[in-house]
Amino acid sequence: MPTPAFKVVIPARYASTRLPGKPLLDLGGKPMVVRVAERARQSGAEEIWVATDDERVHAACCAHEVAAIMTRGDHPTGTDRLAEVVAQRGWASDTLVVNVQGDEPLIEPAVILQTARQLAASGADIATVAHPIAAAEEFFNPNVVKVVCRADGDAAYFSRAPLPYARDDFARDRSVLPAGLPALRHVGLYAYRAAFLKAYAGLAPAPTEQFESLEQLRALWHGYRISVALIDAAPAPGVDTPEDAERMRKLFDRV
């Protein structure tokens, strides 16, 4: 499959409830957000931008020759921050933009590229990623977001509920998943057409989004297509807690 032209934006807020200053976490002598940008470079993206609301993060990126752009501090979501980058940079509506989280220094460049290719090939407004769920414990965990897909590979719905629900099998036993159940875990990596990002701020929140606490349901509610790229297994975990940070520090210290 040919490689489409695409750009990567890495939203990086300094403030974090559980881990203040998270983008600047030192990993083997480099800030975490720089490590993420280095992984993104290996994906083949034509441009990579860190979008931040903090001068310290901006300065750290510049010191490591990573392009950074200052954005407003009042964005409610990373998607809103991406939309500001699109506006500031003047990107055309057909530009493909991959949103890479700034706390995933082990993200696979190949998955970034796969998501961009999924968006380009599908003609959808958004592309995202999912992998099969093998364990019942994971399937019934509300912190694990599930996605149900249509025949064309587009998402029909995202939920924290155990979907699709195997009624007869689970009436007998909920400790294992029945063979062939198309249970997919959603991975929060997104590629967008800039046209969607330009429209996003004007979209009213969906009732489903508010109850499920899943922002992607807003796009489905308003009729936008989300195409799903399938990967074999869960990607490497990111950094959300001080314990995650310590684990990641030790990993990079060994490299």
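Residues numbered from 1 in each chain as written. Predicted model: local features only at pLDDT ≥ 70, side-chain atom pairs only at ≥ 80, totals over all residues. Heavy atoms only, no water.

On to the overall build of the chain. Helix and strand counts for the chain come out as 10 helices and 11 strands. Taking 255 residues into account, the globule formula puts the C-alpha radius of gyration at 18 Å, and the chain, at 18 Å, falls close to it. Seen through its C-alpha atoms, the chain measures out along the principal axes to roughly 60 × 40 × 35 Å. Across the 255 residues of the chain, 50% fall into the buried class. At a minimum sequence separation of 6, the contacts of the chain that also span at least 24 residues come to 67%. Accessible area of the chain: about 12100 Å², with a carbon and sulfur share of 52%. Counting 28 positive and 32 negative side-chain charges, the chain places the averaged centre of each group 0 Å from the other. (Helix = DSSP H or I, 4+ residues; strand = E, 2+ residues; numbered from the N terminus. Rg over C-alpha atoms; globule rule 2.2 N^0.38 Å. Buried < 20%, exposed > 50% of the residue type's maximum accessible area, 1.4 Å probe, protein only. Contact = heavy atoms within 4.5 Å. Areas by Shrake-Rupley, 256 points an atom, 1.4 Å probe, with all protein chains shown as cover. Lys, Arg positive; Asp, Glu negative; His and termini not counted. Charge placed at Lys NZ, Arg CZ, Asp CG, Glu CD.)

Two strands pair when backbone bridges link them, and strand E8 (residues 146-149) and strand E9 (residues 155-159) are joined in this way by four bridges, in the antiparallel orientation. Pairing of Val147 across the sheet is with Phe158, part of E9. Connecting E8 to the antiparallel partner E9 that follows it, the hairpin turn spans five residues, and Gly153 within it adopts a positive phi of roughly 90°. (Pairing = 2+ DSSP bridges.)

By size, the foremost hydrophobic cluster in this structure holds 39 residues, and its most contacted members are Phe6, Val8, Ile10, Val50, Val98 and Val100. Counting residues per element, this core draws most heavily on helix H1 (residues 32-41), at six residues. Here Val8 is in contact with Ala40, Ser43, Ala45, Glu47, Ile48, Trp49, Val98, Val100 and Ile112, once residues within four sequence places are set aside. Of all hydrophobic cores here, the second largest spans 30 residues; its members include Ile69, Val85, Ile126 and Phe196. (Core = buried A, V, L, I, M, F, W, Y, C linked by side-chain atoms within 4.5 Å.)

The full count for this structure, using the stated rule, is 18 salt bridges. Here Asp169 makes a salt bridge to Arg172, at a shortest N to O gap of 3.3 Å. Linking Asp169 with Arg172, this pair stays in helix H6 (residues 167-172), spanning three residues, or about one helical turn. The closest approach of N and O atoms between Arg218 and Glu209, which form a salt bridge, is 2.7 Å. Per residue, the accessibility class of Arg218 equals that of Glu209, and both read buried. Because the salt bridges share partners, they merge into one network encompassing Arg150, Asp152, Asp154 and Arg225. (Salt bridge = Lys/Arg side-chain N within 4 Å of Asp/Glu carboxyl O.)

A few words now on H1. Within H1, seven of the 10 residues are buried, leaving the element largely enclosed by the surrounding structure. Taken as a whole, H1 has its buried residues at Met32, Val33, Val34, Arg35, Val36, Ala37 and Ala40.

Before going further, it helps to spend a moment on unusual backbone geometry. Cis geometry marks the peptide bond from Leu163 to Pro164, where omega comes out at -5°. Along the chain, Pro164 turns up in the loop between E9 and H6.

Aromatic rings considered in pairs are described by the distance between their centres and by the relative angle of their planes. Under the criterion given, the structure shown has eight aromatic pairs. Arranged with centres 5.3 Å apart and planes meeting at 80°, the rings of Phe139 and Phe140 form a pair that is edge-to-face. Ring plane angle 80° and centroid distance 4.8 Å describe the contact between Phe196 and Tyr224, whose orientation is recorded as edge-to-face. Of this pair, Phe196 sits in helix H7 (residues 194-200) while Tyr224 sits in the loop between helix H9 (216-221) and strand E11 (226-230), placing them 28 residues apart in sequence. The class of Phe196 is buried, set by a relative accessible area of 3%. (Phe/Tyr/Trp six-rings, centres within 6.5 Å; stacked < 30°, edge-to-face > 60°.)

Turning next to the pairing of strand E1 (residues 7-12). Across the six residues that make up E1, a large majority, six, are buried. When E1 meets strand E6 (residues 96-99), the two strands line up parallel, connected through three bridges. Bridging from a neighbouring strand, Lys7 pairs with Val97 of E6.

Here Gln216 shows up in helix H9. If we ignore the near neighbours within four places in the chain, the residues touching Gln216 are Val145, Phe158, His186, Tyr190 and Ile226.

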